[in-house]
Amino acid sequence: MTVLRFLTAGESHGPTLMGIIEGMPAHLDLVEDDVNRQLARRQKGYGRGGRMAIETDTVQILSGVRWGKTLGGPIGLAVVNRDWENWQDTMAIGPPTKASESEPMTRPRPGHGDLAGMLKYRTKDARNILERASARETAMRVAVGAVARRLLEHFGMVVSSHVVQIGDVMATDGGRGGDWIREKAETSPLRCADDRATEQMMAAIDHARATGDSLGGIFEIIAEHVPAGLGSHVHWDRRLDGRLGQALMSIPAIKAVEIGMGRESGLRPGSQVHDEIHYHGTGADCKREAFYWQGRHWPTAGGFYRSTNRAGGIEGGMTNGSPIVVRATMKPIPTLYKPLSSVDLDSLEPIAAGIERSDVCAVPAAAVVGEAMVSWVLAEAFLEKFGGDSVKEIEASFKEYLLSLCPGQIKG
Ligand code: EPS
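Residues numbered from 1 in each chain as written. Predicted model: local features only at pLDDT ≥ 70, side-chain atom pairs only at ≥ 80, totals over all residues. Heavy atoms only, no water.

Peer 1: Explain unusual backbone geometry to me, please; I cannot follow it from the model alone.
Peer 2: Of all residues except glycine, most have a negative phi; of all peptide bonds, most are trans. In this structure, His225 is a non-glycine residue whose phi angle is positive, near 65°. Take His225: it is sitting in the loop between β9 (217-224) and α8 (240-249). Given the relative accessible area of 30%, His225 is considered partly exposed. Even without being glycine, Ala253 reaches a positive phi, approximately 80°. (Helix = DSSP H or I, 4+ residues; strand = E, 2+ residues; numbered from the N terminus. Buried < 20%, exposed > 50% of the residue type's maximum accessible area, 1.4 Å probe, protein only.)

Encoded structure:
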């Protein structure tokens with residue numbers, strides 16, 4: 001049985017997106033604003049379409065929380081779709097009436113789930129597929145991820161993201177660190193820490209919009225202060241890199257995931273790929289730092305450290321104490337205002353693909369969804385190792401582990 005699980009439900013233009021989380025420990029501080037802050041981050045980004053002007057995504061916590069703290073029971077979440085008001089007939093729950101019946105969408109868009117879903121579920125109306133395939137579902141994933149993030153934050157971990165490429169425009173972080181990237185990305189219209197690249201990216205998005213096209217890109221997720229030893233080397237489905245890959249690949253439009261040096265590690269000799277192991281610190285320091293873990297000053301791998309992080313914080317399917325660095329590539333959104341060729345499911349004749357209101361580029365939003373998925377996987381791995389029914393129980397086990405990493409404490 002998995003320690004932690006969630007389900008989402010809801011169509012893009014249905015009344016509500018719903019989520020149920022099971023497995024969060026009791027006594028974790030959680031208020032709706034913790035979730036709303038993350039939902040607002042997902043709505044941003046240059047290149048988004050008309051829908052984000054309609055929605056102000058806010059969560060209702062419907063169960064599992066009392067007086068600002070989790071109870072240990074299932075946490076029920078809802079995000080109402082404001083746009084539902086405009087879709088009540090098309091998306092009516094009851095049988096169709098004269099008023100509610102709408103034209104079926106019979107022109108599948110290349111790159112979307114339309115055609116495969118129509119064949120699989122035996123329907124000539126792509127709406128029956130696209131409503132659930134829509135990336136609107138990721139709003140609830142961000143809400144769910146925000147709860148996971150609360151757990152990570154309680155134990156001093158920080159998950160952030162930035163956009164490193166849109167189309168063929170690449171950013172560079174100039175070798176500066178995580179805090180700088182975080183600060184810059186939060187205020188950038190594209191979650192990108194490189195101002196010059198941001199301008200070029202915006203111009204590329206303008207060009208795509210003007211030519212009826214769309215653009216993808218690459219974002220990077222960084223998770224800091226994660227203790228060594230999450231995940232496991234012992235079996236395929238316990239390896240953390242595999243689990244992060246699955247979680248990120250499950251975000252609509254993600255086509256590739258790289259950890260640390262990623263693809264480039266296949267092009268270089270081992271001496272330029274692996275991170276040499278060093279050791280420092282006195283036992284006293286380590287114990288003092290471990291004691292102050294809630295202030296984030298605890299060492300993530302006892303006295304061990306690396307001067308490089310090409311592995312992206314994961315070796316042998318386990319965290320090694322370095323920051324986790326994961327990149328994901330998003331393909332361009334399939335709805336093109338200058339549509340590609342398709343086939344009409346009614347006539348089976350060639351026809352231009354259908355057009356649904358959409359974004360030109362949603363890479364910054366996908367980065368926030370990526371943070372949510374990484375937070376989820378890390379929270380699950382954290383609970384596997386330190387889990388208990390209440391936060392207090394987890395604190396005790398976590399502290400004991402951190403102390404065990406201190407010099408002289410590692411026992412055979
Ligand atoms: C999205 C909501 C959708 C799209 C987009 C993401 O809203 P609508 O379809 O009403 O415009 O903007 O979905 C897609 C890109 C897609 O391919 O389905 C959202 O909330 O992020």
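What follows continues from the structure just given.
Peer 1: What's the story with the packing of aromatic side chains in this structure? I'm lost.
Peer 2: One pass over the structure, following the stated rule, counts eight aromatic pairs. On the numbers, 5.1 Å between centres and 70° between planes, the contact of Phe382 with Phe398 is edge-to-face. You can see Phe382 sitting in helix α10 (residues 363-386) and its partner Phe398 sitting in helix α11 (residues 391-404), a full 16 residues away along the chain. Comparing Phe382 with Phe398, the two get one shared label, buried. Through successive ring pairs, a cluster of aromatic residues spans Phe155, Phe382, Phe386, Phe398 and Tyr401. The ring of Trp67 has Arg66 lying over it, and the distance from NZ or CZ to the ring centre is 4.0 Å. (Phe/Tyr/Trp six-rings, centres within 6.5 Å; stacked < 30°, edge-to-face > 60°. Lys NZ or Arg CZ within 6 Å of the ring centre and 35° of its normal.)

Peer 1: Help me understand the site of the ligand, please; the structure alone is not making it clear to me.
Peer 2: As a structural note, the neighbourhood of the ligand is formed by 13 residues, with His13, Arg42, Arg48, Arg51 and Arg357 the closest of them. Arg42 places a polar side-chain atom, nitrogen or oxygen, 2.7 Å from an oxygen atom of the ligand. At a separation of 2.6 Å, an oxygen atom of the ligand approaches a polar side-chain atom of Arg357. Protein contacts shield 92% of the accessible area of the ligand, which totals 470 Å² for the unbound molecule. Looking at side-chain class alone, the shell around the ligand contains three nonpolar, four polar and six charged residues. (Near = heavy atom within 4 Å. Polar contact = N/O pair within 3.5 Å; in protein donor to acceptor, adjacent residues only side chain to side chain. Areas by Shrake-Rupley, 256 points an atom, 1.4 Å probe, with all protein chains shown as cover. Nonpolar A, V, L, I, M, F, W, Y, C, P; charged D, E, K, R; others polar.)

Peer 1: Would you mind going over a nonpolar patch on the surface with me for this structure?
Peer 2: On the surface, Ile277, Tyr279 and Phe304 cluster together into a nonpolar patch covering about 320 Å² of accessible area. With respect to the secondary-structure elements, Ile277 resides in strand β11 (residues 277-279). (Patch = residues over 30% accessible without salt bridge, like charges linked within 9 Å, V, L, I, M, F, W, Y side chains within 5 Å. Salt bridge = Lys/Arg side-chain N within 4 Å of Asp/Glu carboxyl O.)

Peer 1: Please explain the sheet that holds strand β10 (residues 254-259) as it appears in this structure.
Peer 2: Two modes of strand pairing occur in sheets, parallel and antiparallel, and in both the strands are linked by backbone hydrogen bonds. Spatially, the five strands line up as an open sheet ordered β8-β7-β9-β15-β10, and their pairing is antiparallel. Of all the strands in the sheet, just β8 (169-170) and β10 have a single pairing partner and so form its edges. Summarising the sheet, β10 and strand β15 (residues 324-330) pair through five bridges and their orientation is antiparallel. Across the sheet, Glu258 pairs through a bridge with Arg327, a residue of β15. Running over the sheet, helix α6 (residues 178-187) touches β7 (158-166) and β9 and is turned about 70° from β7. (Pairing = 2+ DSSP bridges. Contact = heavy atoms within 4.5 Å. Axes fitted to C-alpha atoms, helices over the stretch in contact; angles between N-to-C directions.)

Peer 1: Is there a simple way to think about the pairing of β7 in this case?
Peer 2: As a general feature of sheets, a regular strand has side chains that alternate between the two faces. Of all nine residues in β7, nine are buried, a share of seventy percent or more. Both β7 and β9 contribute to a ladder of eight bridges, which runs antiparallel. Its bridge partner being in β9, Ile166 is matched across the sheet by Gly217. Across two bridges, β7 lies against β8 in antiparallel orientation. In the sheet register, Gln165 faces β8, and the bridge partner there is Met170.

Peer 1: In this structure, what is going on with the side chain of Asp359? I would like to understand it.
Peer 2: On the secondary structure map, Asp359 appears in the loop between β17 (350-352) and α10. Here Arg48 takes part through its side chain, which lies 3.3 Å from a polar atom of the side chain of Asp359. Engagement of the side chain of Asp359 in a polar contact is seen with the backbone nitrogen of Gly49, the distance being 2.6 Å. When residues no more than four places from it in sequence are discounted, the contact partners of Asp359 are Gly47, Arg48, Gly49 and Ile333.

Peer 1: How should the pattern of salt bridges be read in this particular structure?
Peer 2: Think of it this way: side chains of opposite charge can pair up when their charged atoms draw near. Summed over all chains, the structure comprises 32 salt bridges. In this structure, the salt-bridge partner of Arg51 is Asp83, at a minimum N-O distance of 3.7 Å. Placement of Arg51 in helix α2 (residues 51-54) and of Asp83 in the loop between β6 (75-80) and α3 (114-121) is noted, with a sequence separation of 32 residues between them. The class for Arg51 is buried, based on a relative accessible area of 9%. Taken together, the shared-partner salt bridges connect Arg42, Arg51, Glu55, Asp57, Asp83, Arg136 and Arg357 into one network.

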